[in-house]
Number of protein chains: 2
Amino acid sequence: MSLTIDDIRAAEQRIKGVAVNTPLVTSRYLNELLDAKVYIKLENLQQIGAFKFRGAYNRLCQLNEEEKKRGVVAFSSGNHAQGIALAAKMLNMKATIVMPSDAPKLKLEGTLRLGAKVVEYDRSTESREDIAVGIAKSVGSILVPAFEDYSIMAGQGTIGIEVADQLRAKKKKLDAYLAPAGGGGLLAGTSVAIRSLIPGAKVYGVEQEGYDDHALSRKAGRRIKIKPQKSTMCDALMATTPGKMTWSINSKTATDFLVVNEDEIAHAVAFAFLRLKVVVEPGGAVALASLLEKRIELAGKTIVIVLSGGNIDGNTFRYCLEKFPNPM
Amino acid sequence: MSLTIDDIRAAEQRIKGVAVNTPLVTSRYLNELLDAKVYIKLENLQQIGAFKFRGAYNRLCQLNEEEKKRGVVAFSSGNHAQGIALAAKMLNMKATIVMPSDAPKLKLEGTLRLGAKVVEYDRSTESREDIAVGIAKSVGSILVPAFEDYSIMAGQGTIGIEVADQLRAKKKKLDAYLAPAGGGGLLAGTSVAIRSLIPGAKVYGVEQEGYDDHALSRKAGRRIKIKPQKSTMCDALMATTPGKMTWSINSKTATDFLVVNEDEIAHAVAFAFLRLKVVVEPGGAVALASLLEKRIELAGKTIVIVLSGGNIDGNTFRYCLEKFPNPM
């Protein structure tokens, strides 16, 4: 089994009118700076402030009535948590989310506000998988993974269909598409859509330094698991190895993987504030950072990047603005 | 002479493909908070980060070749300045902008970057009108006012046409429309469009405390000029009296005028950051602030607000986030 454009088209029908068909915007300032035409997919304006709602809703709305009664359980540092919580609320289901005790307060509160039950765990000593599997077994609820699931990937892939439609409406071709790569679900779903609908475009996954498991896996020719040596602002991109299912797709669809460091990401967050007038979280800003650092050839190209989420707390945002008061 | 929907439709044709048809978005969080359906027109995503480009381009593109050669001069604290600078650049004209020496650095730099010549003046001792008129006379260039001009108002009014189109696409009616009122150009243009296209809707202008010249003028039944007693974060809304031409429209089209204070505005800026994921400047946030403070009846209503600009500097933004770390 794999993921096809038909799966993504079916997901698009399911989330229509429920998820936001997010704007694809451009910026004169950014385009002149890079000598390129950059279109920015604003998934920070998605329900719950991140793309994760797409996959969560596409997965949960396909459960049958008996399954819906059993409720769902998931583990997540925040955006998948909120996506599952909102989808469950809309579908009148119970949701339990296993979250690290150091998850951003904003994401924790958001998950609680959406009516989910939150079980906290210690990232350094406990296994969230074990806790979630234990809950699923004990109460009979359904475990919904964050990316290792074709329905989840298909939901995220709807971004790719929207991008293709939006570019067509603007009569624009596409040279390169860039999206963050954490577990790889967003990249897998959207790369299948982009490859199918715009065959000539290059596709890049972007990661942060120290968590570059996709880039290392590409070099090694097999899935590499890293041992993180340092902290990161990108709480949404802390997976230590590509998903097995997502990698079976991304290893074929991705042209290459790009890596940016924490300062470059903070700069991109500040740039999005000052020049684009949007709020993006660190993990959602890596594709923008890779453009600002000119990690790929830009001159004269038409490029789409996904700003995948905007769930950043005030302290982190203020840190980025203070560190880069005049980003350009 | 006055302003008609036909003038605004003509402006729409002129700015098509040049100005951004900005997104009209909604927020589950905000709607639940207010028990209303609120649609938000994101003019912070407009060219130069504010609606002012619409009117500036509509005015300048109608100049004849001889006039274009003479160049333009304008006075503005920032957004009109940048709007004129960009429109002049696109139309291959020279622009001179008279700006207060205490204008936000971001707006000053933005104006210079767009190739305009900037003449600074001291807000407390000099008259920007006199300086601008002097320049216009001495070099023969054309003075373009920020709001006392039907072409400028018609350009801003295109927001109203877009809103009506966007609501129709969503099959939504409209109960109330709210926009900031500084000189009154945005409100005049859009209120004519909204009154013409959605006759039943109420129309509100929103101002900040201490600069409530529209509200006072409404009460007095004539244009009132205020003497500002205190400072304001809303550099975009510092006019001390309604424009004569804009008031001849707004006095008839506006249902009422609402007033919010500086803390309420800072809270709205922080709310837009945390809950809406967009960057809005204080003067652009007054309509949002008036909703959050429930200045009008909200329950069950469909409401459109304009976030009119996003040109806020990092220090002011950080102040708002620090003052209201958990806005709701």
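Residues numbered from 1 in each chain as written. Chains lettered and ligands numbered in written order. Predicted model: local features only at pLDDT ≥ 70, side-chain atom pairs only at ≥ 80, totals over all residues. Heavy atoms only, no water.

1. A look at the packing of aromatic side chains
Right, so step 1: Taken as a whole and assessed by the stated rule, the structure comprises eleven aromatic pairs over all chains.
Right, so step 2: Among the aromatic side chains, those forming a connected cluster through ring pairs are Phe-273 and Phe-317 of chain A together with Phe-273 and Phe-317 of chain B. (Phe/Tyr/Trp six-rings, centres within 6.5 Å; stacked < 30°, edge-to-face > 60°.)

2. Description of the interface of chain B and chain A
Right, so step 1: Opposite the 33 residues of chain B that make contact, chain A presents 33 residues.
Right, so step 2: Buried area between chain B and chain A, summed over both chains or domains, comes out near 2,600 Å², and the portion from carbon and sulfur atoms is 62%.
Right, so step 3: Summed over the three residues of chain B that lose the most area to chain A, namely Arg-28, Lys-277 and Arg-318 of chain B, the buried surface amounts to 27% of that side.
Right, so step 4: Between chain B and chain A we count four salt bridges in total. (Contact = heavy atoms within 4.5 Å. Buried area = accessible area lost by both parts, 1.4 Å probe. Salt bridge = Lys/Arg side-chain N within 4 Å of Asp/Glu carboxyl O.)

3. Topic: helix α9 (residues 185–197) of chain A
All names here are of chain A.
Right, so step 1: Between the first and last C-alpha of α9 there are 18 Å, a value that for 13 residues agrees with the 18 Å anticipated at 1.5 Å per step.
Right, so step 2: Of all 13 residues making up α9, ten are buried, and the element is well covered by its neighbours.
Right, so step 3: All of the buried residues along α9 are Gly-185, Leu-186, Leu-187, Ala-188, Gly-189, Thr-190, Ser-191, Val-192, Ala-193 and Ile-194. (Helix = DSSP H or I, 4+ residues; strand = E, 2+ residues; numbered from the N terminus. Expected span 1.5 Å × (residues − 1). Buried < 20%, exposed > 50% of the residue type's maximum accessible area, 1.4 Å probe, protein only.)

4. Describing the packing of helix α3 (residues 52–60) of chain B against helix α5 (residues 79–90) of chain B
Residues and elements named next belong to chain B.
Right, so step 1: Following both chains from N to C, one finds α3 and α5 inclined at 45 degrees, their axes separated by 8 Å at the closest point. Considering their axes alone, α3 and α5 lie oblique with respect to each other. In this structure, the crossing between α3 and α5 has a hand that is right-handed. Taken together, the residues of α5 that come into contact with α3 (itself represented by Lys-52, Phe-53, Ala-56, Tyr-57 and Leu-60) are Asn-79, His-80, Gly-83, Ile-84, Leu-86, Ala-87, Ala-88 and Met-90.
Right, so step 2: Of the residues in the contact of α3 with α5, the class split is nine nonpolar, three polar and one charged. (Axes fitted to C-alpha atoms, helices over the stretch in contact; angles between N-to-C directions. Parallel < 35°, antiparallel > 145°, perpendicular 65-115°, else oblique. Left-handed = near helix turned anticlockwise from the far one by under 90°. Nonpolar A, V, L, I, M, F, W, Y, C, P; charged D, E, K, R; others polar.)

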